[in-house]
Amino acid sequence: MAEDLLDLENHCVELLAERGVTLDDIADCARYLQADYHVDLTSEELLESVHAVLSKREVQYAVMTGIALDKAAEEGRLGDKDLIALMMSDAPLFGADEVLAYGICNTYGSIALTNFGFIDKKKYGIIRKLNRAGKNTGHCNTFIDDIVGAIAASAASRFAHRWVRDVDEEEH
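Predicted, not measured: the structure shown is a model, and the values here were computed from it. (Residues numbered from 1 in each chain as written. Predicted model: local features only at pLDDT ≥ 70, side-chain atom pairs only at ≥ 80, totals over all residues. Heavy atoms only, no water.)

Asker: Can you break down the environment of glutamate 48 residue by residue, with the values?
Answerer: Structurally, glutamate 48 is set in helix H4 (residues 43–54). In this structure the C-alpha to C-alpha distance between glutamate 48 and histidine 38, which are 10 residues apart in sequence, comes to 16 Å. Each residue touching glutamate 48, except ones within four places of it in the same chain, is listed here: Arg158 and Arg162. (Helix = DSSP H or I, 4+ residues; strand = E, 2+ residues; numbered from the N terminus. Contact = heavy atoms within 4.5 Å.)

So this is what it looks like as structure tokens:
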């Protein structure tokens, strides 16, 4: 199988980089989501969680699919001009991009979903940059901005789950 021949996590990191996204960018978004609860938390501390999220096959598949769809829209290769127009404009009611992102969040529970909704609304950091760069520029960032938000939301949620577990263990 093709996935046996590739390290899909590294492949996804490369795909993200090709679209202007670093793991540090994603960790910064995850830190933003936890900043009210852990004021001294650094982005560097969240890199482990970002890597853990990206190590999951379903996340890797979502990254690969979303970026491929964005590229196909840019290149006019989707076979439906109306769909291409929707994606190129990141139409507000399109929704398929969020649905793909929910698949990532579902691996980390309801907190990841609420974190995703928050960061998707706030458009923090690299998400804002991607969202703006995809508007009327010939670039399609319809899927990648939500994928990055979902990875950040999941990394923040993973951190929160581990923090609560550690606090519970200390109390018992």
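Right, picking up where we left off after that structure.
Asker: Hey, could you go over the packing of aromatic side chains for me, with residue numbers and the actual values?
Answerer: Tallied over the full model, the rule gives 4 aromatic pairs. Between the aromatic rings of phenylalanine 94 and phenylalanine 143, the centroid separation amounts to 6.1 Å while the plane-to-plane angle is 90 degrees, which identifies the pairing as edge-to-face. You can see phenylalanine 94 sitting in the loop between helix H6 (81–88) and helix H7 (96–105) and its partner phenylalanine 143 sitting in the loop between helix H9 (126–133) and helix H10 (144–171), a full 49 residues away along the chain. Residue phenylalanine 143 is classed as buried on the basis of its relative accessible area, which comes to 4%. Aromatic pair tyrosine 102 and phenylalanine 116: ring centres 5.9 Å apart, planes at 85 degrees, arrangement edge-to-face. Of this pair, tyrosine 102 sits in helix H7 while phenylalanine 116 sits in helix H8 (residues 110–122), placing them 14 residues apart in sequence. Cluster of aromatic residues (ring-pair linked, three or more members): Tyr32, Phe118 and Tyr124. (Phe/Tyr/Trp six-rings, centres within 6.5 Å; stacked < 30°, edge-to-face > 60°. Buried < 20%, exposed > 50% of the residue type's maximum accessible area, 1.4 Å probe, protein only.)

Asker: Tell me about a nonpolar patch on the surface, and name the residues and values.
Answerer: Together, Val99, Tyr102 and Leu113 give the surface a local cluster of nonpolar side chains, amounting to about 250 Å² of exposed area. A relative accessible area of 37% means that tyrosine 102 is categorised as partly exposed. (Patch = residues over 30% accessible without salt bridge, like charges linked within 9 Å, V, L, I, M, F, W, Y side chains within 5 Å. Areas by Shrake-Rupley, 256 points an atom, 1.4 Å probe, with all protein chains shown as cover. Salt bridge = Lys/Arg side-chain N within 4 Å of Asp/Glu carboxyl O.)

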